[in-house]
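Survey of secondary and tertiary structure
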Amino acid sequence: MDATFRIFRGNSQGGGYQEFLVPVEEGMVVLDAVHRIQEHQANDLAVRWNCKAGKCGSCGAEVNGKPRLMCMTRMDQLPLEEPVTIHPVRTFPVIRDLVCDVSWNYEVNKRVPPFTPGEGDLWRWQQKDIERPREFRKCIECFLCQTVCHVLRTHDQKSSFIGPRFLVRAAGLDMHPMDSISRTRFLKEEGGIGLCNITKCCTEVCPEDIHITDDAIIPMKERVADDFYDPVRWLLRKITRRG
Amino acid sequence: MEELQSYTYDVLVIGAGGAGLRAAIEAASQGARVGLVSKSLLGKAHTVMAEGGIAAALGNVHSEDSWQAHFRDTMRGGKLLNNWRMAHVYAQEAPERVMELERWGAVFDRTPDGKISQRAFGGHSYNRLAHVGDRTGLEMLRTLQDQAVYRGIEVHMECIIHTLLRDGARVSGAIGRLRATGGFVLFKARAVVLATGGLGRLYKITSNSWECTGDGFALASLAGADLIDMEFIQFHPTGMVWPPGVIGLLVTEGVRGDGGVLKNSRGERFMFRYVPEMFKGEYADTEEEAQRWLKGDGAARRPPDLLTRDVVAKAIMQEGREGRATPHGGAYLDIASQRSSDFIKSRLPSMYRQFKELANVDITRESMEVGPTCHYMMGGIRVDPETQATTVDGLYAAGEVAAGLHGSNRLGGNSLSDLLVFGKRAGLYATEHANKQRGEPVADEAQISQAMQEMLAPFQSSGEEGPFDVLRDLRETMQQYVGIIRNEGDVKKGLEAISRLKDRAGRVRVTGTREYNPGWDTALQLPLMLTTAEAVALAALERRESRGAHTREEYPGSDDAFSKVNFVVRRSGEGFLVVKEPLPEMPQDIKKLVE
Ligand SMILES: Cc1cc2nc3c(=O)[nH]c(=O)nc-3n(C[C@H](O)[C@H](O)[C@H](O)COP(=O)(O)OP(=O)(O)OC[C@H]3O[C@@H](n4cnc5c(N)ncnc54)[C@H](O)[C@@H]3O)c2cc1C
Ligand code: SF4
Ligand code: SF4
Ligand code: FES
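The residue count restarts for each chain, going from 1 along the sequence in the order it is written. Following the order in which they are written, the chains are lettered starting with A and the ligands numbered starting with 1. It should be noted that, the model being predicted, local features are given only for residues of pLDDT at least 70 and side-chain atom pairs only at 80 or more, the latter also being counted only at that level, while totals for whole chains, interfaces and linings use all residues. Excluding hydrogens and water, the side-chain figures rest on all heavy atoms present in the structure.

What follows is about the side chain of Glu208(A). Under the DSSP-based scheme used, a helix requires at least four consecutive residues in state H or I and a strand at least two consecutive residues in state E, with every element numbered from the N terminus. Mapped onto the fold, Glu208(A) is located in the loop between α8 (201-205) and α9 (212-229). Contacts are residue-level and defined by heavy atoms, with any inter-residue pair within 4.5 Å sufficient. When near neighbours in sequence (up to four residues on either side) are disregarded, Glu208(A) contacts Gly54(A), Lys138(A), Ile140(A), Arg135(B) and Arg353(B).

See the structure below:
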């Protein structure tokens, strides 16, 4: 059986869809089809990928309008009677075809206060103490959550909001059992955590099933509230290293 | 001539996997101006895929473990063809490097008393692999990336190095291009560290990511550096064999470390029949004993499913040849009957997901189907065991692209700690070297303009070859003729095919523009890949015996005549010279450790 693909071709100046027919094999994923096209029909079709195993987070694109990892999207989950549409993620500028310029994320990352362990502590902890930070550290930096978040996507508030990926990262550092600093001022003043209105769109697209809103953003919003109105609770939290 | 972006550094690090990042961090902390280059985005390097863990004799689970034991296992795993001094330095420094990673924020799994947990792995006589579920590589890479960012290291992402530049006999920088614009970039440097990773993409069936095209082996060799042990390529026994799109994708050895067992189509645990002489008495003899090991009985020996990778890969092939392969030509890997569903999901979360999402298999209830996949390059650039200096002045190498530590076969988990131990050393000694240089590094105009012409040639070619067609044929050639089991006739055919592919690579034509053009990237990759492939084939031809990962059909046994030699592959004119050289001799007190 053949499937029809409509793939965006173009660059920062603009572009449009081009159609391709691809034979479908058992177990095939969307990235396989894109590679097939690249190999046989359009050698210069630009696509970013590394691992083809859902581990590196390089291959995000909008498949039939939904941001996903192309290497983890099986063809048999798509309605193949209609053309499959692939568009680069919309929140970041296109470089070419399916490849976007995600450098803004790398710049934001530099501003997150780094892991800062306390002096002389005994580096021992229980598995249950690290469940939360571990959840956040699963992040493969696919930036799909950044792509769907309306604060960045629709309102383009990139100068005042770091986006869900970096709220997750800050939460992961803050909840590390040995970390000794607070990132709440950063989150409030530079991170723009107040701009998130908990729509949970980010959580829905996360390929790593990180509960971005419930487990990272809401607790960090609470910490921000605590720290600016209730410093005793901040101290308590650092001493018990929980939550 | 078009304009060149140009940068000058004390130390240029090519490659941002574990080894490159660790080298860059060390050089920066020594005060060097460091530039870091990678073909993909930061944090995406192949290291991110590593699953099972990082080996170091921390002794957290088995307090009897020691660097001596780790050294012994590493040497024996490599069938004593390792550079003993590298293995020695490595085993001693690995624990420190792992602890350092923890200090930098890596969150390892814990033992009940709160220390870093360690799991069992093939060829390690104690539980030795510190792990983060089955995503150890991601944790390691992210931790190193954070350190690099924190230190303000300049990173050139999606930048592909095409040639190393030389000032007389010494390396003085590199030239390449930025994927996004197709623009050329010149790096001048007092010292260069190559940390470009492996070459799995030379093969059709591989666990390796897009980047692993073996560039570094070719870049170094063309700049005059020696390569050694190029015949030793590890085929991991457990890659996925179905469905077609994921053939080769790795199934971590952690599955077996955590109790998974191999079975043939008749349901027999065949590994009991394949214990080699060297390891007799060290593995369980019966299923009953293996079951006791699984339950934690300290007196029971580990199951033969955990033999070294070369042994297990060949056993699976042999079962297939004798008609006992599974429907898709592999073996069954069964953890469902050994462990609870909760245990599997918490210890092997990404394996669970990988099979569920890509193959519709629930590994908590069904067996996986697995077979060998090209996984790791033991051979590579010859380096000094302490400084990681190559045989060319100013050029250093670390990580998978460097050779010596693993001998003829690498133990699982030994790569990640290799990256840290020798990445750090490479960064340190490259900085020392840089500090001794006087004046600015010199980039030769003739070399620069030649490199730029080469890079533009595929656009001007009148040939009719497609870059991806030549690539596909190269990967098939290597798989077929220089694969897991080799013989003289096949390897010679492979060499002839490589020579024809070189001609075809010269006729490749590229369409489109220079902006992010994968056809162009592939066209320029081909000559490097073919150079590396030729070096592998030549070494495979010379080693007329079977040892570790290198298997010759006509010489099924190991031969003492080859037990103490490395084959050195060296550039000579337009071709290569292969030279036999004696291994460095082990001192008596060290020799005792491995006997
Ligand atoms: C699926 C899988 C699981 C594994 N699991 C484990 C494990 O559990 N434990 C273990 O010890 N080992 C494991 N390994 C092996 C280990 O991951 C690799 O050997 C190791 O990560 C290699 O690291 P590296 O730093 O040498 O190179 P890589 O991580 O491969 O990085 C190479 C870098 O060089 C860059 N580069 C290459 N060529 C160029 C060029 N021409 N110009 C510019 N940049 C270039 C790349 O962009 C990249 O940044 C696993 C391997 C695989 C495939
Ligand atoms: S929950 Fe917050 S961060 Fe997530 S998509 Fe909605 S607004 Fe953005
Ligand atoms: S949090 Fe999830 S969606 Fe966001 S970048 Fe990380 S893995 Fe991707
Ligand atoms: S290619 Fe790595 S996540 Fe898809």
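This part is about the sheet that holds strand β11 (residues 233-240) of chain B. Within a sheet, adjacent strands bond to each other through the backbone by hydrogen bonds, running parallel or antiparallel. All names here are of chain B. Strand order in the open sheet made by the 4 strands is β11-β14-β13-β12, with antiparallel pairing throughout. Across the chains shown, the open sheet's two edge strands, defined by having one partner strand only, are β11 and β12 (261-263). For this sheet, the mean angle separating the axes of adjacent strands, direction not counted, is 45 degrees. Bridge count for β11 against strand β14 (residues 368-377) is 6 bridges, and the pairing is antiparallel. A strand pair is defined by DSSP finding two or more bridges across the two strands. The axes used here are C-alpha line fits, helices contributing only the stretch in contact, and every angle between their N-to-C directions lies in the interval 0 to 180 degrees.

This part is about the sheet that holds strand β20 (residues 575-582) of chain B. Residues and elements named next belong to chain B. Ordered in space as β15-β10-β19-β20, the 4 strands form an open sheet in which the pairing is antiparallel. The open sheet has two free edges, formed respectively by β15 (380-381) and β20, since each of these has just one partner strand. In this sheet, strand β19 (residues 565-572) lies alongside strand β10 (residues 227-228) in antiparallel orientation, the contact comprising 2 bridges. If you follow Ile-228 over to β19, its bridge partner there is Val-568. Sitting on the sheet, helix α15 (residues 518-542) touches β10, β19 and β20, and the angle it makes with β20 is about 45 degrees.

A few words on the site of ligand 1. All names here are of chain B. Not every one of the 39 residues close to ligand 1 is listed here, only the nearest: Thr-47, Gly-52, Glu-211, Asp-215 and Glu-400. Polar contact is defined as a pair of N or O atoms within 3.5 Å, subject to the rule that within protein one atom must be able to donate a hydrogen and the other to accept it, and that residues adjacent in sequence are counted only when both atoms are side-chain atoms. One of the backbone nitrogen or oxygen atoms of Gly-53 is found 2.8 Å away from a nitrogen atom of ligand 1. Leu-416 places a polar main-chain atom, nitrogen or oxygen, 2.8 Å from an oxygen atom of ligand 1. The accessible surface values rely on the Shrake-Rupley method and a 1.4 Å probe; as for residues, cover is taken only from the protein chains in view. Its free accessible area being 1,000 Å², ligand 1 has 99% of it covered by the protein chains. With respect to the detected pockets, ligand 1 is housed in the largest cavity. Among the elements that take part in the shell around ligand 1, helix α11 (residues 414-436) stands out by supplying 4 residues, more than any other. We call a residue near a molecule or strand whenever a single non-hydrogen atom of that residue lies within 4 Å of it. Only protein atoms enter the 1 Å grid used here, on which a cavity is any set of points holding a 1.4 Å probe that cannot leave and a pocket is any open set flanked by protein within 12 Å on both sides along at least five of seven lines; residues with an atom within 4 Å of a point are listed as lining. Put plainly, a molecule is in a cavity or pocket when over half of its atoms are within 2 Å of the grid points there.

What follows concerns the environment of Gln18(A). Residue and element names in this part refer to chain A. Tracing the chain through its elements places Gln-18 in strand β2 (residues 14-23). In this structure the C-alpha to C-alpha distance between Gln-18 and Thr-85, which are 67 residues apart in sequence, comes to 9.7 Å. Each residue touching Gln-18, except ones within four places of it in the same chain, is listed here: Phe-5, Arg-6, Ile-7 and Arg-9. Within the structure, Gln-18 has its side chain in polar contact with the side chain of Arg-9 (distance 3.0 Å).

This part is about empty space enclosed by the protein. Residue and element names in this part refer to chain B. Grid points are joined across faces, edges and corners, and a volume is the space filled by probe spheres set on the points. Summed over all chains, the structure comprises 11 cavities of 30 Å³ or more. Looking at the largest cavity, its volume works out to about 710 Å³. Lining the largest cavity are 50 residues, with His-46, Thr-47, Gly-197, Cys-212 and Glu-400 sitting closest to its centre. Put simply, the parts of the chain that give the lining of the largest cavity at least two residues each are α1 (18-29), β7 (159-167), α5 (215-222), β14 and α11. Residue type decides the class: Asp, Glu, Lys and Arg count as charged, Ala, Val, Leu, Ile, Met, Phe, Trp, Tyr, Cys and Pro as nonpolar, and the leftover types, Gly among them, as polar. Among the residues making up the lining of the largest cavity, the classes are represented as 21 nonpolar, 20 polar and 9 charged. Counting only domains with at least three residues in the lining of the largest cavity, you end up with domain 1 (5-48 + 65-99 + 137-233 + 376-436) and domain 2 (237-373). Domain limits in this description derive from either an automatic procedure or a database domain assignment.

Moving on to the pattern of salt bridges. The term salt bridge refers to a pairing of a side-chain nitrogen on Lys or Arg with a carboxyl oxygen on Asp or Glu at a separation within 4 Å. With the rule as written, the count across this model stands at 85 salt bridges over all chains. In this structure, Arg137(A) engages Glu139(B) in a salt bridge whose closest nitrogen and oxygen atoms are separated by 2.5 Å. Here Arg137(A) is found in helix α3 (residues 131-137), whereas its partner Glu139(B) is found in helix α4 (residues 136-150) on a different chain. Relative accessibility under 20% of the residue-type maximum defines a buried residue, over 50% an exposed one, and the middle range a partly exposed one, all with a 1.4 Å probe and only protein chains included. The class for Arg137(A) is buried, based on a relative accessible area of 14%.

Before going further, it helps to examine the layout of surface pockets. When its volume is computed, the largest pocket comes out at roughly 1,200 Å³. Around the largest pocket sit 42 residues that line it, and His35(A), Glu39(A), Arg201(B), Lys204(B) and Arg475(B) are the ones nearest its centre. Among the secondary structure elements, those contributing two or more residues to the lining of the largest pocket are α1 (30-40) of chain A together with α13 (467-481) and α15 of chain B. Partitioned by chemical class, the residues of the lining of the largest pocket number 15 nonpolar, 13 polar and 14 charged.

Opposite the 56 residues of chain A that make contact, chain B presents 65 residues. The buried area of a pairing is the accessible area, by a 1.4 Å probe, that goes missing from both parts when the two are put together, added over both. The contact between chain A and chain B buries some 5,000 Å² in all, and 51% of this surface belongs to carbon and sulfur atoms. Area buried by chain A at its contact with chain B is led by Asn50(A), Lys55(A) and Arg137(A), which between them contribute 14% of it. One can count 9 salt bridges joining chain A with chain B. Across the salt bridge formed by Glu39(A) and Arg472(B), the nearest N and O atoms sit 2.2 Å from each other. For the side of chain A that touches chain B, the secondary-structure elements that each account for two or more residues are α1, β6 (94-96), α2 (103-111), α3 and α6 (164-174) of chain A. Of the residues contributing to the side of chain A that touches chain B, the split by class is 24 nonpolar, 13 polar and 19 charged.

Further remarks concern the domain arrangement of chain B. All names here are of chain B. The domains assigned to chain B are domain 1 (5-48 + 65-99 + 137-233 + 376-436), domain 2 (237-373) and domain 3 (459-582). Contacts between the two partners involve 10 residues from domain 1 and, on the opposite side, 12 residues from domain 2. Between domain 1 and domain 2 lies a buried interface of about 950 Å² when both sides are counted; carbon and sulfur atoms form 55% of it. In this assembly, domain 1 and domain 2 are joined by 2 salt bridges. The residue Lys-79 makes a salt bridge to Asp-310 at a minimum N-O spacing of 3.2 Å.

All right, on to unusual backbone geometry then. Residue and element names in this part refer to chain B. Pro-243 follows Trp-242 through a cis peptide bond whose omega is -5 degrees. Despite not being glycine, Tyr-516 shows a phi value in the positive range, around 30 degrees. Here Tyr-516 is to be found in the loop between α14 (488-506) and α15. For Tyr-516, a relative accessible area of 0% puts it in the buried group.

This paragraph deals with the packing of aromatic side chains. Geometry of an aromatic ring pair is reported as the spacing of the ring centres plus the angle between the planes. Note on aromatic contacts: the rings of Phe and Tyr and the six-membered ring of Trp form a pair at centre separations within 6.5 Å, being stacked when their planes are under 30 degrees apart, edge-to-face when over 60 apart, and tilted otherwise. This structure, assessed with the given rule, holds 14 aromatic pairs over all chains. Geometrically, the ring pair formed by Phe115(A) and Trp123(A) is edge-to-face, given 6.4 Å between the ring centres and 75 degrees between the ring planes. On the basis of relative accessible area, Trp123(A) is assigned to the buried category, the value being 11%. A centroid spacing of 5.1 Å and a plane angle of 55 degrees characterise the contact between Phe459(B) and Trp520(B), whose relative ring orientation is tilted. One end of the pair, Phe459(B), is in helix α12 (residues 445-460); the other, Trp520(B), is in helix α15, and 61 residues separate them in sequence.

Each pair of packed helices can be described by the angle between their axes along with the distance between the axes. Residues and elements named next belong to chain B. Put simply, α1 and α4 touch, their axes get as near as 9 Å, and they point 30 degrees apart. In terms of their interaxial angle, α1 and α4 are classed as roughly parallel. Handedness of the α1/α4 crossing: left-handed. Along the contact surface, α1 presents Gly-18, Leu-21, Arg-22 and Ile-25, while α4 presents Met-140, Leu-141, Leu-144, Gln-145, Gln-147 and Ala-148. Its residues assigned to classes, the contact of α1 with α4 comprises 6 nonpolar, 3 polar and 1 charged. Here the word oblique covers every angle except those under 35 degrees (roughly parallel), over 145 (roughly antiparallel) and from 65 to 115 (roughly perpendicular). Each crossing gets its handedness from the near helix: less than a right angle anticlockwise from the far helix is left-handed, clockwise is right-handed.

To estimate how far a helix should reach, multiply one less than its number of residues by 1.5 Å. Taking 1.5 Å per residue as the helical rise, α9(A) with its 18 residues ought to reach 26 Å, and the 24 Å between its terminal C-alpha atoms agrees with that figure. Every buried residue of α9(A) is accounted for by Ile212(A), Thr213(A), Asp215(A), Ala216(A), Ile217(A), Met220(A), Arg223(A), Val224(A), Asp226(A) and Asp227(A).

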